[in-house]
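# Inside the fold
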Amino acid sequence: QAQLRMGLLHYHGHGVRENDKQAVQWFERAARQGLAEAQFQLGNMYAYGLADPGADADPNRLAAQWYFEAARQGHADAQYSLGYALHAGLGTPADHAEESAWFRKAAEQGHAQARINVGVTYFKGMGVPQDYVQAHMWFNLAAASATDDDIRKQAVTNRDVVATAMTPTQIADAQKLAREWQPGS
């Protein structure tokens, strides 16, 4: 935890001069000891080009590896980031089924953007069977849980778009599912 905090201090420049190289070193120390938040932060440093991967290494591959390490420990932001990497083929082959599974894990923990992405996977049938009722439900859940206005607006817009392809009965079913939804259901 102290190594993670040192990394964050150096990254944000709180009490010390902002220094990405120092932040990476501290994040890596904590990440190698299995701390999920440090693994996620280190993944971000590689993904955003703030860490030097070395001459022959792919920073996106390293980001995906660190996201995976944190994601498998249940870190919702890492699960979302890994889902995005799998969607875009960043450092890992694109895989819509795996993408959908990781987005779903983050969504079940309340990650609003992941909930939107799960809705999109159902709307488009990417890695899961196309299902407008499920898409509408996930967009509803995202709108209800979003703390960011832009994410909330995106969820509402997506929900309204999918609703144009649905019957009133399907919309009612989706709304009921959203009201009754529980993690793991």
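The preceding data block contains the structure.
Residues numbered from 1 in each chain as written. Predicted model: local features only at pLDDT ≥ 70, side-chain atom pairs only at ≥ 80, totals over all residues. Heavy atoms only, no water.

## Here's the deal with the pattern of salt bridges
The full count for this structure, using the stated rule, is 6 salt bridges. Residues Glu69 and Arg72 are paired through a salt bridge, measuring 2.8 Å at the closest nitrogen-oxygen approach. Exposure remark for Glu69: the relative accessible area of 25% places this residue in the partly exposed category. For Asp160, the salt bridge identified is with Arg159, shortest N-O distance 3.7 Å. (Salt bridge = Lys/Arg side-chain N within 4 Å of Asp/Glu carboxyl O. Buried < 20%, exposed > 50% of the residue type's maximum accessible area, 1.4 Å probe, protein only.)

## With respect to helix 1 (residues 2–12)
If you check which residues of helix 1 are buried, you get Leu4, Gly7 and His10. In an axial view of helix 1, the angular spread of the buried residues amounts to 125 degrees, which keeps them on one side of the axis. Those residues of helix 1 that are exposed and aimed more than 90 degrees away from the buried face are Ala2 and Arg5. Considering only its buried residues, helix 1 is in contact with helix 2 (20–32) and helix 3 (36–47). Once helix 1 ends, the next one or two residues include Gly13, with phi positive near 70 degrees. (Helix = DSSP H or I, 4+ residues; strand = E, 2+ residues; numbered from the N terminus. Arc of directions from axis to C-beta. Contact = heavy atoms within 4.5 Å.)

## A word on the nonpolar core
Nonpolar side chains in soluble globular proteins tend to end up buried together. Ranked by internal contacts, the top residues of the largest apolar core, which has 24 residues, are Val118, Tyr122, Met137, Trp138 and Leu141. Elements represented by at least two residues in this core include exactly helix 5 (76–88), helix 6 (96–108), helix 7 (112–124), helix 8 (132–145), helix 9 (149–163) and helix 10 (168–180). Broken down by element, the residue count for this core peaks at 8 residues, all from helix 8. When residues no more than four places from it in sequence are discounted, the contact partners of Val118 are Phe103, Arg104, Ala107 and Trp138. Counting residues in hydrophobic clusters, the runner-up holds 23 residues, among them Ala51, Leu62, Leu82 and Leu86. (Core = buried A, V, L, I, M, F, W, Y, C linked by side-chain atoms within 4.5 Å.)

## Quick look at a nonpolar patch on the surface
A cluster of nonpolar residues, Met6, Leu9 and Val16, forms a patch on the protein surface that exposes about 190 Å² of accessible area. With respect to the helices and strands, the residue Val16 is situated in the loop between helix 1 and helix 2. On the accessibility criterion, Val16 (33% relative accessible area) is partly exposed. (Patch = residues over 30% accessible without salt bridge, like charges linked within 9 Å, V, L, I, M, F, W, Y side chains within 5 Å. Areas by Shrake-Rupley, 256 points an atom, 1.4 Å probe, with all protein chains shown as cover.)

## Notes on the packing of aromatic side chains
Applying the stated criterion across every chain yields a total of 5 aromatic pairs. With a centroid separation of 5.5 Å and 35 degrees between ring planes, the pair formed by Tyr80 and Phe103 is classed as tilted. In this pair, Tyr80 is assigned in helix 5 and Phe103 in helix 6, connecting sequence segments 23 residues apart. Accessibility assignment for this pair places Tyr80 and Phe103 in one class, buried. Here the basic side chain of Arg29 rests over the ring of Trp26, its NZ or CZ set 4.3 Å away from the ring centre. In this arrangement the basic side chain of Lys105 is found over the ring face of Trp102, its NZ or CZ atom lying 5.5 Å from the centre. (Phe/Tyr/Trp six-rings, centres within 6.5 Å; stacked < 30°, edge-to-face > 60°. Lys NZ or Arg CZ within 6 Å of the ring centre and 35° of its normal.)

## Quick notes on the environment of Leu4
With respect to the helices and strands, Leu4 occurs in helix 1. Overall, Leu4 belongs to the buried group, its relative accessible area being 5%. For Leu4 and Gly74, which are 70 residues apart along the polypeptide, the C-alpha to C-alpha distance reads 18 Å. Excluding residues within four positions of it along the chain, Leu4 makes contact with Phe27, Ala30, Leu35, Glu37, Ala38 and Gln41.

## Things to note about helix 3
Since the α-helix turns once every 3.6 residues, residues separated by three or four places project in the same direction. For helix 3, spanning 12 residues, the distance from its first C-alpha to its last is 16 Å, which sits close to the expected 16 Å at 1.5 Å a residue. Among the 12 residues of helix 3, 10 are classified as buried, and the element is accordingly described as predominantly covered. Restricting attention to buried positions, one finds in helix 3 the residues Ala36, Ala38, Gln39, Phe40, Gln41, Leu42, Gly43, Asn44, Met45 and Tyr46. Close packing links the buried residues of helix 3 with helix 1, helix 2, helix 4 (59–71) and helix 5. At the exit of helix 3 stands Gly49, carrying a positive phi of roughly 75 degrees. (Expected span 1.5 Å × (residues − 1).)

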